[in-house]
Amino acid sequence: MDRRELMTAGLALVAGNALAQANPKLARIVVPFAPGGVQDILARSMSTELGVALGQTVIVENRPGAGGTVGTGFVAKSPPDSGAMVLAAASHNIAGSLYTKLSYDPQKDFAPMAHIGTADYVLMIHPDVPAKTAGEFIRHAKANPGKMNYATAGVGSATHLSMAYFNGLAGIDVVHVPLKATGEAINEVISGRAQAVIAASIGALAFAKDSRIRLVGVTSPKRSKYLPDVPTIAESGLPGYQFNSWFGLLGPAGTPAADVSRVNTAMARLLKDPVILERLDKQGIEPLAMSNTDFAKLLATDYERMAQVVKASGAKVE
């Protein structure tokens, strides 16, 4: 590449990074995981309507890597007025305790923009595993230490921590197989290359009647309204186990209050739209609008809870 080509490429990179600032009509939702995962599907299910509500073009951009910390770190370092937001979930707060070195602070480096809703997770296993409940799965794992695998959307993801927490609480040795997306993890179990996965309801609902995979327990403290016939993990073999997730939009710290208010108001409006509510229902997400102040309180409480989950799981990433 000659000098002119290098200069052209450099200018193009600068232009790309400055796009949102140069064009106030553009905003972006960064999904810190690969296409096809929980957050990706959620972001794309409402990005067009959010854009209309904001009077902006809202694009969805996948920036996967390192358990969601690559894309999340990108937003943390984005200019406050750039229009960048991360579609965050449980893995956001998990990262603060899981990683010994993190390029951002999950609490201090973000502005809570809008809470979207909550979701349960589901333990799914390959039908060749002789278990129909969480308790039977635990007993089989104890009889076969190190001989089974569980697939996840990557180190540090909610799918990872939920199962690592399950392992630690149950005292079993099921080997971690990190992938890039929840969809890939589910496919690993369907293929038989892995024996278990804990995925959000959004990923599990499509397989409720699929003979290639078995749903044995939900992670919430009570049965899910989306899967009423599936017992909770706590009631079917592992008392005290609980893991669920929130979903929301976070901007960089210092995002102008007017922008935070606009996004929060727009999302609250969307969460009353029957079309959006139907989409969320199909994804297993219970909608819940809240002020950015209440969202900030939820994030602080959840951060402490996830620190306890990480500690109990014994997981750590250098």
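Shown above is the structure to which this text applies.
This is a predicted model, so every value here is computed, not measured.

(A) Main features of the packing of aromatic side chains. Going through the model one piece at a time under the given rule, you end up with six aromatic pairs. Taken together, a centroid distance of 5.6 Å and an interplanar angle of 90° make the contact between tyrosine 104 and phenylalanine 110 edge-to-face. Taken as a pair, tyrosine 104 and phenylalanine 110 share a single burial class, namely buried. Taken together, Phe137, Tyr165, Phe166 and Tyr241 form an aromatic cluster joined through their ring pairs.

(B) Structural detail: the pattern of salt bridges. Enumeration over the complete set of coordinates arrives at ten salt bridges. Close ionic contact of lysine 282 with glutamate 278 constitutes a salt bridge, the shortest N to O distance being 3.6 Å. Note that lysine 282 and glutamate 278 are positioned in helix 11 (residues 274-282) at a spacing of four residues, about one turn of the helix. Judged by relative accessible area, which is 47%, glutamate 278 ranks as partly exposed. Note that arginine 305 and aspartate 302 form a salt bridge whose closest N and O atoms lie 3.0 Å from each other.

(C) Highlighting the environment of glycine 183. With respect to the helices, strands and loops of the structure, glycine 183 is situated in helix 8 (residues 182-191). Classification of glycine 183 as partly exposed rests on a relative accessible area of 26%. Spatially, the C-alpha atoms of glycine 183 and lysine 311 are 27 Å apart, while their sequence positions differ by 128 residues.

What counts, and where the lines are drawn
Residues numbered from 1 in each chain as written. Predicted model: local features only at pLDDT ≥ 70, side-chain atom pairs only at ≥ 80, totals over all residues. Heavy atoms only, no water. Phe/Tyr/Trp six-rings, centres within 6.5 Å; stacked < 30°, edge-to-face > 60°. Buried < 20%, exposed > 50% of the residue type's maximum accessible area, 1.4 Å probe, protein only. Salt bridge = Lys/Arg side-chain N within 4 Å of Asp/Glu carboxyl O. Helix = DSSP H or I, 4+ residues; strand = E, 2+ residues; numbered from the N terminus.

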